[in-house]
Amino acid sequence: MSHRFAAVDLGASSGRVMLADLSDGLSLAEAHRFANGPVRVADRLHWDILGIYREILAGLRAAGPVSSVGVDSWAVDYGLLDESGGLIGNPVHYRDDRTRGVPERVAALVGAEALYDVSGLQVLPFNTLYQLLTDRLDGAATMVLIPDLIGYWLTGELGAEVTNASTTGLLDVRTRSWAWPLIERLGLPARLFPPLRQPGEPIGGLRRDVAGEIGWSAPVRAVGSHDTASAVAAVPASGPAFAYISCGTWSLAGVELTGPVLTPQSRAANFTNEAGIDGTVRYLRNVMGLWLLQECVRAWPGSDLGELLKAAAAERPFAAVVNPDEPVFLPPGDMPARIAAECRRRGQRPPASPAAYTRCVLESLALGHRRAVRQAMELSGRDVEVVHLVGGGSYNELLCRLTADACGLPVVAGPAEATTLGNVLVQARAAGLVSGLEEMRSLVASSQPLRRYEPSGDARLWDEAAARVF
Ligand code: ADP
Ligand code: LRH
């Protein structure tokens, strides 16, 4: 048996097919990377799912033969399949505004407390249950989440991997099975929800047409198919006293627990209890993440991220900050204009240059990280000695330094490809090459480049900045 595994990892800003080799430690190589993002058609935002699938096939062809393949992606979004397994329409992007007013309607029908008690999920306007309630379901036989849709196209086998199913709002957080009474109460057809599968379970072999296209065949295995579940599985922590920030398009900031926190305080703080690998709970909150910067950069044609970050490091600290989680930042559009409006609303002068905007975004994100990490500690009672920052954001030295200063805790940055690592390590474990979560994490720690940032500066300045926006 070869010690090579392929990870298909679909992020909201880029997709990649990565190749891991565990024959001597753990090494990672990029077989293929491609841009990803929303496509607006008239007044609806979609994913280009067929384009994504084509790039996945190109990536698998480039990767060459492996022991198995795992697929993960961003959460909550789905495709609807008809009776014969055909995709009905193009999956809608979670940044579309079709669910406006739906969370409020559901809360009025079911009760916000009752809903949280069943699913343990934070209210985000794009949670799958809200999207489903806006969709035409009459011709639909099955709802498949994005990684399960890719898995279906690769193997012909249908299912719902549990870590990602936990982001639908329709999974019972205690039993980790579909919340049938809630599904019925909402009037959603039970037929839509395929059987659940666990990370590590085999899904099926590659279909003949796929094998023909890529030139080889291998089994596809379920992994933590929610990208954040895979990322948290690969956090290079050595004990329980850590917080994590999975920092890419979003910053998912929180702690890992053995059971959910379902208190009124937790609900009020909009903390989520998502399903992790091996029965763990990812107790976290979504912080708006580097989306803020991505959308700024898109508004400044010709700008270069590296140059912007260098210039931002020299900008005056705390000139202007915003609450990164303002709902107004969620949709695509002119981000600098929205940031300027938020600054004015809070009585601050808006930034005057791209470098100043970049500084504002990074300090604001650091404030969001600080708030989420502190609340996760308070609400769960978990001690935290170190913050692990993983994902593409770990390349951003200024953000890592600001996060350490804001949290008043050391930040260990890396790996940038934590999601991919979590994906392949679950496959490697199923193949008997690694044991538990602990060994997976120590393999990441010993094989991947990490950087440590100690907190510095005047903590009172962060308190003052936080008081300006929260
Ligand atoms: P996702 O998985 O959500 O698509 P990633 O984890 O790939 O996101 O992170 C993407 C983000 O990482 C980019 O928006 C960018 O801000 C940051 N990033 C990537 N590479 C670098 C780099 N070399 N320097 C600074 N930031 C980077
Ligand atoms: C990050 C992520 C996050 C979800 C969001 C929709 O990629 O999966 O965990 O909340 O996308």
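Residues numbered from 1 in each chain as written. Chains lettered and ligands numbered in written order. Predicted model: local features only at pLDDT ≥ 70, side-chain atom pairs only at ≥ 80, totals over all residues.

Looking at the site of ligand 1
The full set close to ligand 1 counts 15 residues, and Gly11, Gly248, Thr249, Gly392 and Tyr395 are the nearest of them. Taken together, the residues of the shell around ligand 1 break down into 5 nonpolar, 10 polar and no charged. There are two domains that each give the shell around ligand 1 at least three residues, and those are domain 1 (4-225) and domain 2 (227-414 + 450-469). (Near = placed C-beta within 6 Å. Nonpolar A, V, L, I, M, F, W, Y, C, P; charged D, E, K, R; others polar. Domains from an automatic or database assignment.)

Considering the UniProt feature "domain: Carbohydrate kinase FGGY C-terminal" (unreviewed entry) in the protein chain
UniProt's feature table lists "domain: Carbohydrate kinase FGGY C-terminal" (unreviewed entry) at residues 243-431, given in the numbering used throughout. For residues 243-431, the end-to-end C-alpha separation is 29 Å, with 45% helix and 16% strand making up the annotated structure. (UniProt positions renumbered as here; feature names shortened; annotations may be inferred. Helix = DSSP H or I, 4+ residues; strand = E, 2+ residues; numbered from the N terminus.)

What about helix 13 (residues 335-345)?
Taken as a whole, helix 13 has its buried residues at Met335, Ile339, Ala340, Glu342 and Cys343. Around the axis of helix 13, the buried residues are gathered within 160° of arc, so they sit on the same side. Turned more than 90 degrees off the buried face of helix 13, the exposed positions are Ala337, Arg344 and Arg345. Tucked into the core, helix 13 has its buried residues touching helix 11 (291-299) and helix 14 (354-380). Looking one or two residues past helix 13, glycine 347 carries a phi angle of roughly 70°, positive in sign. (Buried ≥ 20, exposed ≤ 12 C-beta atoms within 10 Å, placed from the backbone. Arc of directions from axis to C-beta. Contact = placed C-beta atoms within 7 Å.)

With respect to the pairing of strand 17 (residues 281-287)
In terms of burial, strand 17 is largely enclosed, as 7 of its 7 residues are buried. Of the two faces of strand 17, the one holding Val281, Tyr283, Arg285 and Val287 and the one holding Arg282, Leu284 and Asn286 are both buried throughout. In terms of strand pairing, strand 15 (residues 251-257) meets strand 17 through 7 bridges, oriented antiparallel. Residue pairing across strands places leucine 252 opposite asparagine 286, the latter belonging to strand 17. Here strand 16 (residues 272-275) pairs with strand 17 via 4 bridges, running antiparallel. Directly across from glutamate 274, in strand 17, lies its bridge partner arginine 282. Here strand 16 folds back onto strand 17, and the loop between the two strands holds 5 residues, one of which, aspartate 278, carries a positive phi near 60°. (Pairing = 2+ DSSP bridges.)

Some points on the nonpolar core
With 141 residues, the main nonpolar core has Ala6, Leu292 and Ala376 as its most contacted residues. Per-element accounting of this core gives the leading share, 11 residues, to helix 14. If you count residues domain by domain, this core takes at least three from each of domain 1 (4-225) and domain 2 (227-414 + 450-469). When neighbours within four sequence positions are excluded, alanine 376 is seen to be in contact with Ala243, Ala253, Gly254, Val255, Phe271, Tyr283 and Leu284. (Core = buried A, V, L, I, M, F, W, Y, C linked by C-beta atoms within 7 Å.)

Here's the deal with the domain arrangement of the protein chain
The domains assigned to the protein chain are domain 1 (4-225) and domain 2 (227-414 + 450-469). Taken together, the contact between domain 1 and domain 2 spans 28 residues of the former and 24 residues of the latter. Among the elements of the structure, strand 6 (68-73), helix 3 (112-119) and helix 6 (162-165) are those that each provide at least two residues to the side of domain 1 that touches domain 2. Broken down by element, the side of domain 1 that touches domain 2 gets its largest block of residues, 3 residues, from helix 3. Considered class by class, the residues forming the side of domain 1 that touches domain 2 number 12 nonpolar, 9 polar and 7 charged.

Looking at the UniProt feature "domain: Carbohydrate kinase FGGY N-terminal" (unreviewed entry) in the protein chain
What UniProt calls "domain: Carbohydrate kinase FGGY N-terminal" (unreviewed entry) maps, in this numbering, to residues 7-232. Within residues 7-232, the helical portion is 32% and the strand portion 24%, while the C-alpha atoms at the span's ends are 16 Å from each other.

Some details on the sheet that holds strand 8 (residues 87-88)
Two orientations exist for strands paired in a sheet by backbone hydrogen bonds: parallel and antiparallel. A sheet is described by the order of its strands in space; here 3 strands give the open sequence 8-7-9, paired in antiparallel fashion. Only two strands of the sheet have a single partner each, and these edge strands are strand 8 and strand 9 (142-145). Bridging between strand 7 (residues 78-81) and strand 9 involves 4 bridges; their strand directions are antiparallel. From the neighbouring strand, glycine 79 faces strand 9, where its bridge partner is valine 144. Sheet strands touched by helix 5 (residues 146-155): strand 7 and strand 9. Its angle to strand 9, the strand with the most contacts, is close to 105°. (Axes fitted to C-alpha atoms, helices over the stretch in contact; angles between N-to-C directions.)

Considering the environment of glutamine 348
With respect to the secondary-structure elements, glutamine 348 resides in the loop between helix 13 and helix 14. For the pair glutamine 348 and valine 321, spaced 27 residues apart in sequence, the C-alpha separation works out to 8.1 Å. With residues near it in sequence (within four places) discarded, glutamine 348 still touches Ala320 and Cys343.

Description of the site of ligand 2
Trp74, Ala75, Asp227, Thr228 and Trp250 are the nearest of the 13 residues found near ligand 2. Classifying every residue of the shell around ligand 2 by side-chain character gives 7 nonpolar, 5 polar and 1 charged. Two domains each put at least three residues into the shell around ligand 2: domain 1 (4-225) and domain 2 (227-414 + 450-469).

Considerations on the sheet that holds strand 16
With respect to topology, 7 strands assemble into an open sheet ordered 16-17-15-14-18-19-20, the strand pairing being mixed. Of all strands in the sheet, those with a lone pairing partner are strand 16 and strand 20 (451-453), marking the two edges. Put simply, the sheet's adjacent strands are angled 30° from each other on average, direction ignored. Two strands pair when backbone bridges link them, and strand 14 (residues 242-247) and strand 15 are joined in this way by 5 bridges, in the antiparallel orientation. Across the sheet, residue serine 246 finds its bridge partner in strand 15, namely leucine 252. Docked against the sheet, helix 14 engages strand 14, strand 15, strand 17 and strand 18 (386-390), running at close to 20° with respect to strand 15.

As for the confidence of the model for the protein chain
Predicted confidence across the protein chain gives a mean pLDDT of 97, with 100% of residues reaching 70 or more. Scoring the predicted complex yields pTM 0.98 and, for the interface, ipTM 0.99. (pLDDT = per-residue confidence, 0-100.)

As for the packing of helix 14 against helix 18 (residues 459-469)
Closest axis-to-axis distance for the helix 14/helix 18 pair is 10 Å, and the angle between their directions is 95°. Between helix 14 and helix 18, the angle is such that the two are roughly perpendicular. Note on element contacts: helix 18 touches helix 14 through Trp462, Ala465, Ala466 and Val469, opposite Glu363, Leu367, Arg370 and Arg371. (Parallel < 35°, antiparallel > 145°, perpendicular 65-115°, else oblique.)

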